[in-house]
Amino acid sequence: MRPHRPTVRGFLPRLLPLALVVAPVTALAAPHDTGPAVVRTAASVGASQGFTSMEAETGTLLGGASAVSLTAPPTTEYSSAALEASGHGYVHLASTGQGVQWTNTTGAPISFLNVRVNIPDAPSGGGITSTLDLYVNGVFRQALNVNSKQTYIYEGTNYNNSDDKNPADGDPRVFWDESHSFVTGAAIAPGSTFSVVKDSANSASSYNVDVVDTENPPAPIAQPANSISITDCGAVADNAPTNGSADSAAQDSTAAIQNCINQAQSQNKTLWIPQGTFYLKGTTGLQATGITIAGAGMWYSTIYRDVPLPNSQPLAAVFSVTSCTVQNFHIDSDATSRGTAGGDGGAMDTTGTNWVADGMWNQHTESGFWASGTGGTVRNSRVTSEWADGINLNNVSLTGTVGNNLTATNNFVRGTGDDAMAINSVAYNGSTTYTAMSNVTLTNNTLIAPWGGKGIGIYGGSGHHVQNNYISDTARYIGLGAGRFGVNGSDLHGATVSGNVVVRSGGDAYNQGQPAFHIGNGGDGQNTGVVDSVNATGNTITNSLYDGVGFSQSTNSTFANNTITSPSRNGIVIQPPFYPAPSGSASITGNTVTGLGSGSQPYINNSSGFTATVSGNSWQGGGGTPEGPYGGTPAAVPGTVQAENYDTGGEGVAYHVTSTNGSGNAYRSDGVDLETTSDTGGGYDLGWTSGGQWFRYTVNVASAGTYTVSLRVAAPSAVTGALHLSDASGTNLSGAVNIPATGGWQNWTTVTANVTLPAGKQVLTLNEDTGGWNANYLALAASGGGNPPPNPNLALNQPATASGSNQNYVPSNAVDGNTSTYWESTNNAFPQWLQVDLGSAHSVGRVVLNLPPSSAWGARTQTILIQGSTDGTNYTTLVPSQGYTFDPNSGNTASVTFGAANVRYVKLTFTANTGWPAGQLSEVGVYAS
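As the structure is a computational prediction, the values presented were derived from the model and not from experiment.

> Teacher, can you tell me more about the nonpolar core here?
Across soluble globular proteins, you tend to see nonpolar side chains buried next to one another. Counting 75 residues, the largest nonpolar core has Ile257, Ile293, Phe319, Leu393, Phe517, Phe551 and Phe559 as the members making the most contacts within it. Broken down by element, this core gets its largest block of residues, five residues, from helix H2 (residues 254-267). Not counting the four nearest positions on each side in its chain, Phe559 is found in contact with Phe517, Ile519, Ala536, Ile541, Val549, Phe551, Ile564, Ile572, Ser587, Ile588, Thr589 and Asn591. Core analysis: the next-biggest nonpolar cluster, separate from the first, contains 36 residues, Val672, Leu686, Leu725 and Ala753 among them.

> Hey, could you run me through the pairing of strand S64 (residues 719-726) in this one?
Each regular strand carries side chains that alternate between the two faces of the sheet. Burial analysis of S64 places seven of its eight residues in the buried class, which makes it a mostly covered element. Relative to strand S65 (residues 737-739), S64 runs antiparallel, the two sharing two bridges. When the bridges of S65 are listed, Val719 appears paired with Ile739. Of the strand pairs in this sheet, S64 and strand S67 (residues 760-768) are connected by four bridges, and their pairing is antiparallel. Note on S67: the bridge partner recorded for His724 is Asn767.

> Before we go on, may I ask you to explain unusual backbone geometry in this structure?
Leave glycine aside and you will find that most residues have negative phi; peptide bonds, for their part, are mostly trans. Here the residue pair Val637 and Pro638 is connected by a cis peptide bond, since its omega of 10 degrees sits within 30 degrees of zero. Here Pro638 is to be found in the loop between strand S57 (635-637) and strand S58 (639-642). The omega torsion of the bond from Phe830 to Pro831 falls at 0 degrees, within 30 degrees of zero and hence cis. With phi around 50 degrees, Leu398 is a residue other than glycine that occupies positive phi space. Considering the arrangement of structural elements, one finds Leu398 in the loop between strand S31 (391-394) and strand S32 (403-404).

> Looking at this structure, I do not really get the side chain of Thr377. What am I missing?
Tracing the sequence through the fold places Thr377 in strand S29 (residues 377-379). Overall, Thr377 belongs to the buried group, its relative accessible area being 15%. Setting aside residues no more than four positions away along its own chain, Thr377 makes contact with Trp355, Val356, Ala357 and Thr407.

> Please explain the layout of surface pockets as it appears in this structure.
Rolling a probe over the atoms, with the probe sized like a water molecule, indicates the empty space that remains. What the second largest pocket holds in volume is close to 740 Å³. Together, 33 residues line the second largest pocket, and His180, Ser181, Pro241, Thr242 and Asn243 are the ones closest to its centre. Mapped by element, the contributors of at least two residues to the lining of the second largest pocket are strand S7 (112-118), strand S9 (139-147), strand S12 (177-182), strand S17 (276-281), strand S20 (301-306) and strand S23 (330-333). Residue contributions to the lining of the second largest pocket peak at six residues, all from S12. Here the lining of the second largest pocket is composed, by residue class, of 12 nonpolar, 18 polar and three charged.

> Before we go on, may I ask you to explain the packing of aromatic side chains in this structure?
Centre-to-centre distance and the angle between the planes together describe a pair of aromatic rings. Counted according to the given criterion, the structure contains 27 aromatic pairs. Ring geometry for Phe182 versus Tyr300: centroids 5.6 Å apart, planes at 25 degrees, classification stacked. With Phe182 in strand S12 and Tyr300 in the loop between strand S19 (292-295) and S20, the pair connects residues that are 118 residues apart, well separated along the chain. Ring centres of Tyr646 and Phe695 lie 5.0 Å apart, and the angle between their planes is 55 degrees; this geometry places the pair in the tilted category. One end of the pair, Tyr646, is in the loop between S58 and strand S59 (655-656); the other, Phe695, is in strand S62 (residues 693-701), and 49 residues separate them in sequence. Take Tyr646 and Phe695: they sit in the same class, and that class is buried. Ring pairing ties together the aromatic residues Phe112, Phe182, Trp299, Tyr300 and Trp361, which thus form one cluster. Over the ring of Tyr927 we find Arg846, and its NZ or CZ is 4.4 Å from the ring centre.

What counts, and at which threshold
Residues numbered from 1 in each chain as written. Predicted model: local features only at pLDDT ≥ 70, side-chain atom pairs only at ≥ 80, totals over all residues. Heavy atoms only, no water. Core = buried A, V, L, I, M, F, W, Y, C linked by side-chain atoms within 4.5 Å. Buried < 20%, exposed > 50% of the residue type's maximum accessible area, 1.4 Å probe, protein only. Helix = DSSP H or I, 4+ residues; strand = E, 2+ residues; numbered from the N terminus. Contact = heavy atoms within 4.5 Å. Pairing = 2+ DSSP bridges. 1 Å grid on protein atoms, 1.4 Å probe; cavity = no way out; pocket = protein on both sides within 12 Å on 5 of 7 lines; lining within 4 Å. Points joined across faces, edges and corners; volume = space filled by probe spheres on them. Nonpolar A, V, L, I, M, F, W, Y, C, P; charged D, E, K, R; others polar. Phe/Tyr/Trp six-rings, centres within 6.5 Å; stacked < 30°, edge-to-face > 60°. Lys NZ or Arg CZ within 6 Å of the ring centre and 35° of its normal.

Below, the structure written as structure tokens:
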């Protein structure tokens, strides 16, 4: 957010050892991954934008280059290059010949690179320019421009200041900048290597390399019909590389572009920005209302703001637009700090109704998007290397006084000087009052390495939805916070925060040891106002720099079924240092905390006035016992699952109910919603259904496939959208199931749905979406009716070997019948193979391949050759090499049929994987048919 942080100081908290593992940046490729991540085709968490981010510290080091990573929480409030890096790590190139190399494992050509690099400042400040050499398959290809002109602010004499560029003041921050270019010559082919190397021609004394984004952009978009090109109004492109500062010879196109905007408005036409870089020279921005402004693509069309520095007057945004659609171009500037002197001013300030920003790339401005109004959307856009906020949805931009039904989805934000993304509801500024924001949605965004703010800040309003975002590597502040901002912010009255992944977040700003995830007021030092009804469920918080989760003053919070792994300090803390909670209330149920260090606690309540209902969590006895199948054995599928046999583990773990009503305690002591049934077969049924309740059932599926679920139900009146079945990650498997009127609570009928399941042990969840019905059992049969004919998995628990494996992800994991364990080959070394010995020759005609069904495993395509052999020496091809797509939304499974062959050994050879540079399988099943 644009207001400066308060300068609250306090004591330095006790530090504990921390081993921060570098994890995927743009997606979660696998739970243990420590290497380059690939953006998924259909992301379940984070953005999916078609480029691949490869971390330098997981590449191959050349010539004695060294990897640097954060190994413990910060011991001061000040910054460092590792703290601000994505993955909290980088590679240092100190001498000629040192470099870092990657392999193109994306399965597609690479024709465009975006490199995040740090080089030294000039001795007296102001930065330098240099180059870094690109090699493809060991052959020099081109010099990449890099600079430090738009980095380095010094804090030694004024902590958290905006524009001190004097190195003598000490304590630098803002280390990283990003530069991009097309690859000269042929694209980097799949399987090829590419590297960045410090050569003698590269003039900087050293280079730190953080991450490289690789992609193959589409062709430029053609000028649309009914449009006016800015070149028709006199705008002139200047395509000399900027490299941190403007080309002094560039022509100013400000007046020409504004004239074109005026014509487009009066003629109801689209404003077209063709390929090229067009300059706005001076301090004037552009204004537009009610039109579409479109470019040839974010890689091709650029509007570049050239402000004479030092600047002496506040700047409007590059674009100030009302009720416009703005799409497919790049906004850049020569700003050297967040302060006025450094040429600040946002990329795009927006208000009005139903506005859209789509396919934009904004960088080096004060903010990427500063937007108010009603019904607006920022989507499919990138914001990198900004001086302040990335995407700030608010109720104050331009002439706006409201911020309702705004959306930010599928955006990538990295390296911001304030919040990467924020819902910023302001109550008043001076004598001006604003309507509290409502119904703002942030979904499937990737937010990485903000060096001066949160990953996501939810500040006031009501009805917000923050879901399935990936947040990582905050340098100083909370990763995800729900509260209010400052004394003039709106109170927060309701937000749903679910399915987000928060990695390596928190920080030591103001020596506060801030948590990775926070609910309550005081998130920015002002302990005031109402924070009520925050519902946080199904979030994952990993490798927090301090506490995993903190609660300050707040009421009626729900914190349920979240996973906190390996926090540096404690798991969940009510009233952590500097976050008072003199009163408040929360329900904390069904959460799991693991990986604690010595002396750390999974849960602490430091406030005598804060009432927390704590049940069913991993650290509790009794109702907090681990989840398990009722009776100790998973229900077999195909087969019947009795509704009363939900898992053990208690409230928030095995089930969730809003009230306890059942009378079936003779059957099980926690028979919360059970009653005796008069249905055929007798026993108990599940009743007192209510929207939001759920029950979990551990099952063991004999073979992957589609199953028909016959649900035995009763309902006095028809219920639309009564229930759905989901997997352990929350993926909806069945869709909405309607129940007809049966005339009474014990008048029974059968309704059906279809679900696709992987093989092996897993959890199904019966979700009660609308109440008013009873359930007796669920019978699962292979689609088409009846149980599948005997067709055992011939590979189950048979000897498995491989060309190599990574860590403890050994070949036997792929034949153990457990889809949660998996084999992973040696990384970055295709081709790789996995082989199963069936023990004797069998006629086989089908192979089923699985990855873990968890949504943490993003969709990916693996290229696999399937061969068979009778002697383990001579092989025939069963299925030629081809790509198989694994998608968690459809069970992360692939079934391959082929002509029957008599073989003892089945061998899978992997040559590519779009999700990870290795072969990966959780199970390989081999069947006769």
